[in-house]
Amino acid sequence: MQMLFGSSVGKKIAMAATGLILVLFVIVHLIGNTSIFAGPDGINAYAAALHSMGPIVWLFRLVMLAVFLLHIWLGLKLTLENKLARPVGYAQKQNIRTSYAAQIMIYSGLVLLLFTIYHLLHFTVRVTNPEISHFVDAAGRLDVYAMVVLSFQKFFITLTYVIAMVFLLLHLSHGIGSMFQSSGLNNARTLPTIQAAGKWIAIVLLVGYIAIPISIFVGIVKL
Ligand code: HEM
């Protein structure tokens, strides 16, 4: 452990590896969530298929939780180390080639942590809105469609998700590009392309994710 995460380079590589796993999860999760546009049979069948995997689902959840916690711990540690390396701020700070998204990585990350806790309580543990979260459809499956649609018909839930997805955009628009930088997989020639690709992936994810609450809120997707 100490050997792996003791050096700053080791931490950055682990940060990139855990970040990559989380980005892949976010991509696959969005693809799965788009089954809401296929109606109740789409998303309810998808959720039932996932739930029926029993122990595999739990193993996956535990691995993802470990990856998520490691990513957060490394992020906090690296931020602290950077601060300690420069305890007195620059008299006049000039961020050369540093974007706003890059400067607020730790804050966008912490907002995503809060969002994830809320999101799990909302749709997985189903305790924030129990009155709409335990219906069963005609086929006897958990009615995830009704739960999601009735949730996003509420203004503040939709607003919370849309704001959280903007933070996801900010976090990933810098994070995807810096993954390659940390692991040394880029060079001066490929850097601009990788950074641009990272931004575009983040934008596609934002549009894909907010399409769900917004199309429900405006009534395109309904019960
Ligand atoms: C509009 C945006 C989103 C919607 C509509 C959505 C929808 C859902 C739904 C319906 C579930 C429950 C699935 C089930 O029990 O079968 C779920 C679980 C989950 N979501 Fe999301 N999600 C969104 C965004 C996100 C984002 C951005 C993340 C990551 C930061 C995320 C992470 C998770 C996790 C970790 C679970 C638990 C998976 C499990 O049960 O093992 N979601 N989501």
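Residues numbered from 1 in each chain as written. Predicted model: local features only at pLDDT ≥ 70, side-chain atom pairs only at ≥ 80, totals over all residues. Heavy atoms only, no water.

Novice: Outline the environment of K83, supporting the account with residue identities and numerical values.
Specialist: With respect to the helices, strands and loops of the structure, K83 is situated in helix 4 (residues 55-85). We classify K83 as exposed; its relative accessible area is 56%. Through-space distance from the C-alpha of K83 to that of F135 is 49 Å; in sequence the pair is 52 residues apart. (Helix = DSSP H or I, 4+ residues; strand = E, 2+ residues; numbered from the N terminus. Buried < 20%, exposed > 50% of the residue type's maximum accessible area, 1.4 Å probe, protein only.)

Novice: Go over the UniProt feature "transmembrane region" (unreviewed entry) in the protein chain, please, and point to the residues and values.
Specialist: In the numbering adopted here, UniProt assigns the feature "transmembrane region" (unreviewed entry) to residues 12-38, 58-80, 100-121, 155-180 and 200-221. The annotated region residues 200-221 carries 82% helix and 0% strand content, and the separation between its end C-alpha atoms amounts to 26 Å. (UniProt positions renumbered as here; feature names shortened; annotations may be inferred.)

Novice: So what's going on with the environment of Y100? Residues and values would help.
Specialist: Here Y100 lies in helix 5 (residues 100-103). On a C-alpha basis, the gap between Y100 and H174 in space is 9.1 Å, while along the polypeptide they are 74 residues apart.

Novice: Any chance you could break down the site of the ligand for me, citing the residues and the numbers?
Specialist: What surrounds the ligand is a group of 20 residues, the closest being H29, N33, H51, R61 and H119. The contact in question runs from an oxygen atom of the ligand to an N or O atom on the side chain of R61, over 2.7 Å. It is helix 6 (residues 105-124) that contributes the most residues to the shell around the ligand, 5 residues altogether. (Near = heavy atom within 4 Å. Polar contact = N/O pair within 3.5 Å; in protein donor to acceptor, adjacent residues only side chain to side chain.)

Novice: I'd like a description of the pattern of salt bridges, backed by residues and values.
Specialist: A full pass over the atoms with the stated rule returns 3 salt bridges. Ionic pairing is found between E81 and K11, a salt bridge with its closest N-O pair at 2.7 Å. Residue E81 is found in helix 4, and its partner K11 is found in helix 2 (residues 8-33); the two are separated by 70 residues along the sequence. A relative accessible area of 3% means that K11 is categorised as buried. Between R141 and D137 there is a salt bridge, with the nearest N and O atoms lying 2.9 Å from each other. When sorted by exposure, R141 lands in the same class as D137, which is buried. Each of D41, D137 and R141 takes part in one network of salt bridges that share partners. (Salt bridge = Lys/Arg side-chain N within 4 Å of Asp/Glu carboxyl O.)

Novice: So, the coordination of the iron atom of the ligand: which residues are in play, and what are the values?
Specialist: Six octahedral donors around a metal ideally make angles of 90 or 180 degrees; four tetrahedral donors ideally make 109.5 degrees. Summarising the metal site, the iron atom of the ligand is bound by the protein donors H29 (NE2) and H119 (NE2), whose distances to it range over 1.9 to 2.0 Å. Classification of the site at the iron atom of the ligand as octahedral follows from its 6 donor atoms and the range of 88 to 179° in their angles at the metal. Highlighted residues: H29 in helix 2 and H119 in helix 6, separated in sequence by 90 residues. The class for H29 is partly exposed, based on a relative accessible area of 25%. By relative accessible area, H119 is classed as buried at 17%. (Donors = N, O, S within 2.8 Å, 3.2 Å for Na, K, Ca; no water. Tetrahedral: all angles 85-135°; square planar, octahedral: opposite > 155°, others 65-115°.)

Novice: For the side chain of T158, give the residues involved together with the corresponding values.
Specialist: Tracing the chain through its elements places T158 in helix 8 (residues 155-182). By relative accessible area, which is 7% here, T158 ends up buried. T158 has contacts with F152, P213 and F217, leaving out every residue within four places of it along the chain. (Contact = heavy atoms within 4.5 Å.)

Novice: Break down the nonpolar core for me, with residues and values.
Specialist: Counting 33 residues, the largest nonpolar core has I36, V148, F152, M165 and I216 as its most contacted members. Elements supplying a minimum of two residues to this core: helix 2, helix 3 (40-51), helix 6, helix 7 (144-152), helix 8 and helix 9 (191-217). Of the residues forming this core, the biggest block, 9 residues, is contributed by helix 8. (Core = buried A, V, L, I, M, F, W, Y, C linked by side-chain atoms within 4.5 Å.)

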